[in-house]
Amino acid sequence: MSDALINGLAGAGGGIIAQLITYPLQTVNTRQQTDRDPKKEKKKAGTVEQMYQVIQQEGWGRLYGGLTPSLVGTACSQGVYYYFYQIFRSKAEATALRRKKEGAGDGSVGMLSSLMVAAMSGCVNVLLTNPIWVVVTRMQTHTKKSPLNQVQPIVSEHAIVGGIEPPPYATSHAVQEVFDEAGIWGFWKGVFPTLVMVSNPSIQFMLYETLLKKLKQRRASSQSNKGVTALEVFLLGALAKLGATVVTYPLLVVKSRLQAKQAIGVDKKHQYKGTLDAILKMIRYEGLHGFYKGMNTKIVQSVLAAAVLFMVKEELVNGARWLLLKDAANAVQSKPLR
């Protein structure tokens, strides 16, 4: 089994576990990002309170709306990303070693090369998996119509469309809705800001690998035989994701606005024709604050998810390599002597 395949499968497994743990936070955060009701700014509820509102008004199930396509998307995204990351990384390492033999460089992959490797892997991932995330966003932002004597749901524009409570909103309904709105290209809504957001995992992996490299160098210089522990990987992953999220969050909000169901029969300021139109309308009607809606929730969700992902991935990779070495050793021992 190739190293790229091991990393791809381990990344998919780690991504699924991280997604299961943090999905309710992700659902609330997507609703916060796509909320365009200015009246709610005066009585803005915290993340825990909003989760409670969803449970009270729509039931526990809505916190996990779109979980199935999201798990598929996470497995595909992490698998594709880590697979191509390992391939591009191996090529970068081979290039660095060749340059060392030629007398240029120290044989290690530099920060810029690491950034380019992560960026190329991210672009491939975005182009292949964007349709899944459009469907997930639709399902996360879909709300049931609340009775008149209750507080309005978090995303008000969806409640305007129908006068009666809709049937259960399944993946097939979301797919049909997107296709009816914009045809096949509707599944690539928000792809431009998402491609720009490739800088998020690029920054994340650059920070993670830089921190991990420094930690290993410190251990080597102190002549310590202690390896990097799962807890240390957890903390490094959390720190790397925190830095990347703060920088790229505004693009995530724009992407969510484009992928969510467009408001029907309301002010044109709530309808977006494209990325530039969304950015200009958000600046005009909401100010810079609109680009950071739900950021606190996103930081908690992203940092926790990234930390779990890195920890689980490293353990799965180490476990797979140990099993392969064990099988190889057993195969050698079982060979008859001539």
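Since the structure is predicted, the reported quantities are computational estimates derived from the model, not experimental observations.

Caption draft 1: Representation of the overall build of the protein chain in the model. Along the protein chain, the regular secondary structure elements total 11 helices and 0 strands. For the protein chain, with 338 residues in total, the buried portion stands at 47%. Summarising the internal contacts of the protein chain: among those between residues at least 6 apart in sequence, 82% fall at separations of at least 24. Just so you have it, the protein chain exposes about 17,800 Å², and 65% of that area is on carbon and sulfur atoms.

Caption draft 2: Representation of the packing of aromatic side chains. A full pass over the atoms with the stated rule returns 8 aromatic pairs. Taking the centre distance of 5.9 Å and the plane angle of 15° together, the rings of Y81 and Y85 count as stacked. On the criterion of helical spacing, the pair formed by Y81 and Y85 is a turn pair, its members being 4 residues apart in helix 3 (residues 67–101). Exposure class is identical for Y81 and Y85. Each is buried. Ring centres of Y249 and Y292 lie 6.3 Å apart, and the angle between their planes is 25°; on these two criteria the pair is classed as stacked. One end of the pair, Y249, is in helix 9 (residues 230–259); the other, Y292, is in the loop between helix 10 (275–285) and helix 11 (295–334), with 43 residues separating them in the sequence. A connected cluster of aromatic rings, assembled from ring pairs, spans Y81, Y82 and Y85.

Caption draft 3: The arrangement of the pattern of salt bridges in detail. Throughout the structure, instances matching the rule amount to 12 salt bridges. Residue R138 pairs with E177 through a salt bridge whose shortest N-O separation is 2.8 Å. Taken together, the residues R138 in helix 4 (residues 111–141) and E177 in helix 6 (residues 171–182) connect sequence positions 39 residues apart. Grouping residues by exposure puts R138 and E177 together as buried. The residue E314 makes a salt bridge to K313 at a minimum N-O spacing of 4.0 Å.

Caption draft 4: Representation of the nonpolar core in the model. Counting residues in hydrophobic clusters, the biggest one holds 22 residues, and the most contacted among them are Y85, F205, Y208 and F310. For this core, the secondary-structure elements that each account for two or more residues are helix 3, helix 4, helix 8 (199–221), helix 9 and helix 11. The leading source of residues in this core is helix 11, at 6 residues. Discounting chain neighbours no more than four positions away, the residues touching Y85 are V117, A118, S121, F205 and E209. Core analysis: the second largest hydrophobic core is formed by 11 residues, Y249, L252, L258 and A278 among them.

Caption draft 5: Local environment of the environment of L97. Tracing the chain through its elements places L97 in helix 3. Assessed through its relative accessible area of 47%, L97 is described here as partly exposed. Each C-alpha atom, one on L97 and one on V109, is 8.8 Å from the other, the two residues being 12 residues apart in sequence.

Caption draft 6: Examining the packing of helix 1 (residues 3–34) against helix 2 (residues 47–58) more closely. Close contact between helix 1 and helix 2 brings their axes to 10 Å; oriented N to C, the two are set at 95°. As far as their axial angle goes, helix 2 and helix 1 are roughly perpendicular. Of the residues in helix 2, those in contact with P24, L25, V28, R31 and Q32 of helix 1 are T47, Q50, M51, V54 and E58. Class assignment for the residues of the contact of helix 1 with helix 2 results in 5 nonpolar, 3 polar and 2 charged.

Caption draft 7: Molecular detail of the packing of helix 1 against helix 4. With their axes 9 Å apart at the nearest point, helix 1 and helix 4 run at an angle of 75° to one another. For the element pair helix 1 / helix 4, the angle class is roughly perpendicular. Counted together, Q19, Y23, Q26, T27, T30, R31 and T34 of helix 1 and W133, V136, T137, Q140 and T141 of helix 4 form the full contact between these two elements. Tallied by class, the residues present in the contact of helix 1 with helix 4 amount to 3 nonpolar, 8 polar and 1 charged.

Each value, and the rule that gives it
Residues numbered from 1 in each chain as written. Predicted model: local features only at pLDDT ≥ 70, side-chain atom pairs only at ≥ 80, totals over all residues. Heavy atoms only, no water. Helix = DSSP H or I, 4+ residues; strand = E, 2+ residues; numbered from the N terminus. Buried < 20%, exposed > 50% of the residue type's maximum accessible area, 1.4 Å probe, protein only. Contact = heavy atoms within 4.5 Å. Areas by Shrake-Rupley, 256 points an atom, 1.4 Å probe, with all protein chains shown as cover. Phe/Tyr/Trp six-rings, centres within 6.5 Å; stacked < 30°, edge-to-face > 60°. Salt bridge = Lys/Arg side-chain N within 4 Å of Asp/Glu carboxyl O. Core = buried A, V, L, I, M, F, W, Y, C linked by side-chain atoms within 4.5 Å. Axes fitted to C-alpha atoms, helices over the stretch in contact; angles between N-to-C directions. Parallel < 35°, antiparallel > 145°, perpendicular 65-115°, else oblique. Nonpolar A, V, L, I, M, F, W, Y, C, P; charged D, E, K, R; others polar.

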